[in-house]
Amino acid sequence: MTFLTRADLKADLDRLGIAPGGIVMVHAALSRVGRILGGPDAIIGALCDAVGAEGTIAAYCDWDASYEYLLDENGRVPDQWRTHIPPFDPLTSRAVRDHGVFPEFLRTTPGAARSANPGASVAAIGVRAQWFTADHPLDYGYGPDSPFGKLASAGGQVLMLGAPLDTMTLIHHAEHLADIPGKRIKRAEAPCLTPSGVEWRTYEEFDTSASICPALDGRDYFTGIVQSYLDTGVGKRGLVGKAPSVLVNAGEIVRHAVAWLEREAKA
């Protein structure tokens, strides 16, 4: 039986183009990587080895709250349910399970930091983790001041480690930036743990649960955007372990996605 080691994975990441000092947001389907000595922690170790002491690794966490189906038409939780919903605590609230185990493993790695926007929260580890996760706005959590905006502006990268292209969360940042008509807006409230206790806070953002505007309804446009970017000959592809993987420049793909959205939504 063949096993992959942390050193094996680091060598694959080096070949793919992850370099010392980088900031890399990772989406991972770990079951595709193969048998790994050390499991997910070995992957996190290999990623940290690849970016080195001056680098940073991040992952989109969201929040495993499972209460949004209770929201009424005004985005409010009915009174009879409010005391039963655990508040969001960046230090302890679980990452959403829909995105696989990698975000929760990264979030709970010693030294990791996590941003304070419940639905758009990001965990990071490394030299710039505190900067990357700090001051995440509650409203419009995918905007320029979010970790996603910081990733794009700081020359970061996105690694799709066996993950489907339609799971690249950075495209939500492009949706925020794109000048297109009819963007859907979501308003909802969330319980947040504060030093003075639980506070219910109402937030507003562009609705990321479906297409950003009616003109794009019914289209798998995240995949289309990322694939059209790769088709221009940019980005890098290769195996990490056994997982087909893609590495892209965050700022470049955001610019490509904004142009794509503005063209297609106005067509």
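Since the structure is predicted, the reported quantities are computational estimates derived from the model, not experimental observations.

Caption draft 1: Broad picture of the sheet that holds strand E3 (residues 113-114). The sheet built from seven strands is open, its strands ordered E3-E4-E2-E1-E5-E9-E8 with mixed pairing. Because the sheet does not close on itself, it has two edges, and the strands there are E3 and strand E8 (236-240). Bridge count between strand E1 (residues 23-28) and strand E2 (residues 56-60): three bridges; the pairing is parallel. Following the sheet pairing, Met25 is matched in E2 by Ala58. Relative to strand E9 (residues 243-249), helix H8 (residues 221-230) is tilted by about 80 degrees, and along the sheet it contacts E8 and E9.

Caption draft 2: How the structure looks around the packing of aromatic side chains. Evaluated as defined, the whole model comprises nine aromatic pairs. Relative to Phe148, the ring of Tyr60 lies with its centre 6.0 Å away and its plane at 65 degrees, an arrangement referred to as edge-to-face. Here the residue Tyr60 occupies a position in strand E2, and Phe148 occupies one in helix H6 (residues 147-153), the gap between them amounting to 88 residues. Residue Phe148 is classed as buried on the basis of its relative accessible area, which comes to 0%. A ring pair is formed by Tyr142 and Phe148, whose centres lie 5.1 Å apart and whose planes are at 35 degrees; its orientation type is tilted. Like Phe148, Tyr142 is buried. For the cation-ring pair, Lys150 lies above Trp131, with the distance from its terminal atom to the ring centre recorded as 5.2 Å. The cationic tip of Lys183 hangs over the ring face of Phe206; the distance from NZ or CZ to the ring centre is 4.4 Å.

Caption draft 3: Seen up close, helix H1 (residues 6-16). Burial in H1 covers these residues: Leu9, Asp12, Leu13 and Leu16. End-on, the buried residues of H1 take up no more than an arc of 100 degrees, which puts them together on one face. Across H1 from its buried face, at more than 90 degrees, point the exposed residues Ala7 and Arg15. Tucked inside the fold, the buried residues of H1 contact helix H2 (39-51), strand E5 (157-161), E8 and E9. Positive backbone phi, at 125 degrees, marks Gly17, one or two positions downstream of H1.

Parameters at a glance
- Residues numbered from 1 in each chain as written.
- Predicted model: local features only at pLDDT ≥ 70, side-chain atom pairs only at ≥ 80, totals over all residues.
- Heavy atoms only, no water.
- Pairing = 2+ DSSP bridges.
- Helix = DSSP H or I, 4+ residues; strand = E, 2+ residues; numbered from the N terminus.
- Contact = heavy atoms within 4.5 Å.
- Axes fitted to C-alpha atoms, helices over the stretch in contact; angles between N-to-C directions.
- Phe/Tyr/Trp six-rings, centres within 6.5 Å; stacked < 30°, edge-to-face > 60°.
- Buried < 20%, exposed > 50% of the residue type's maximum accessible area, 1.4 Å probe, protein only.
- Lys NZ or Arg CZ within 6 Å of the ring centre and 35° of its normal.
- Arc of directions from axis to C-beta.

None of this, on its own, says anything about what the molecule does.
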